[in-house]
Amino acid sequence: EGLLLVTGSGVTLECPGANPMDGRWHCVPLPGGKLPLSKNGQSFSGAVAVTRAGRQAGAFAPGLRAAVLFPGEASVTIFSRTVHATATWLPTGEVRVAAPAVAASFAAAGEHLLLTAADGSVAQMMMADGIVSEIAVSAVGEPSHAWKGSCRLPSGSLARLALSTSASGLSEAKFILG
């Protein structure tokens, strides 16, 4: 179905297709309102996950759902919008979490939200009821890692992405299973 992105100013971009063409995604801004992220015109410094929602049987009209992690807050704010050209993003919920997350990603067709904390632990929030449970403990012994996100693999197991910086200042991406 393509790629969905949100800019620091709240513009949602859609990049259609299964793969980039000629090594690049060809993205276009979606019509409608911006996701309300910035204060006083400043660029957003938190984290956002966005997904298509409402395509399951019996669900509301198709639309978009975004999970926003505002800097310094131990909560996740959920926004939704329809696909209509004049649609605006509306807040649809907020859930407190045990530790502030540094990254968020949707899983299971948008039914779960994975929240990665600065210590590498991962919590899963059920979108239907807001219940949050820890699914991966902190990565003890990895203090130099900057945790960038997590996802579910087709097998159902968890994968985490981290950047590790060496003493010489070189950054290395690490993909950690489990």
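Just so it is clear, the structure is predicted and the values come from calculations on it, not from any experiment.

**Student:** Looking at this structure, I do not really get the overall build of the chain. What am I missing?
**Tutor:** Of the regular secondary structure elements, the chain holds zero helices and 14 strands. Start at the N end of the chain and walk to the C end: the helices and strands fall as β-β-β-β-β-β-β-β-β-β-β-β-β-β. Relative to the 2.2 N^0.38 estimate, which gives 16 Å for 178 residues, the radius of gyration of the chain is 17 Å and therefore close to what a compact globule would have. When the accessible surface of the chain is totalled, it reaches about 10200 Å², and 57% of it is carbon and sulfur. Positive and negative side-chain charges in the chain, numbering 12 and 11 respectively, have mean positions lying 6 Å apart.

**Student:** Just checking my understanding: could you explain unusual backbone geometry for this structure?
**Tutor:** Excluding glycine, residues mostly carry a negative phi; peptide bonds, for their part, are mostly trans. Phi at Asp22 is positive, roughly 55°, even though this residue is not glycine. Among the secondary structure elements, Asp22 is positioned in the loop between β2 (12–15) and β3 (28–29). Here Asp22 falls in the exposed class, since its relative accessible area comes to 80%. Notably, Ala108 is not glycine yet its phi reads approximately 50°, a positive angle.

**Student:** Any chance you could explain the nonpolar core here in plain terms?
**Tutor:** A general trend in soluble globular proteins is that nonpolar side chains are found buried together. Counting 15 residues, the largest nonpolar core has Ala67, Leu69, Val76, Ile78, Leu113, Leu115 and Met125 as its most contacted members. Those elements that provide at least two residues to this core are β4 (47–53), β5 (63–69), β6 (75–82), β8 (101–107) and β9 (112–117). Take this core: its biggest share by element is three residues, from β8. Contact partners of Leu115, with chain neighbours within four places excluded, come to Leu69, Val76, Val97, Ala101, Ala103, Ala104, Ser121, Val122 and Ala123.

**Student:** Would you explain the state of the cysteines in this entry?
**Tutor:** Formally, a disulfide is one covalent bond, and it connects the sulfur atom of one cysteine to the sulfur atom of another. Tallied over the full model, the rule gives one disulfide. In this structure Cys151 is a free cysteine whose sulfur lies 19 Å from that of Cys15, the closest cysteine sulfur available.

Basis of the calculations
- Residues numbered from 1 in each chain as written.
- Predicted model: local features only at pLDDT ≥ 70, side-chain atom pairs only at ≥ 80, totals over all residues.
- Heavy atoms only, no water.
- Helix = DSSP H or I, 4+ residues; strand = E, 2+ residues; numbered from the N terminus.
- Rg over C-alpha atoms; globule rule 2.2 N^0.38 Å.
- Areas by Shrake-Rupley, 256 points an atom, 1.4 Å probe, with all protein chains shown as cover.
- Lys, Arg positive; Asp, Glu negative; His and termini not counted.
- Charge placed at Lys NZ, Arg CZ, Asp CG, Glu CD.
- Buried < 20%, exposed > 50% of the residue type's maximum accessible area, 1.4 Å probe, protein only.
- Core = buried A, V, L, I, M, F, W, Y, C linked by side-chain atoms within 4.5 Å.
- Contact = heavy atoms within 4.5 Å.
- Disulfide = S-S within 2.5 Å.

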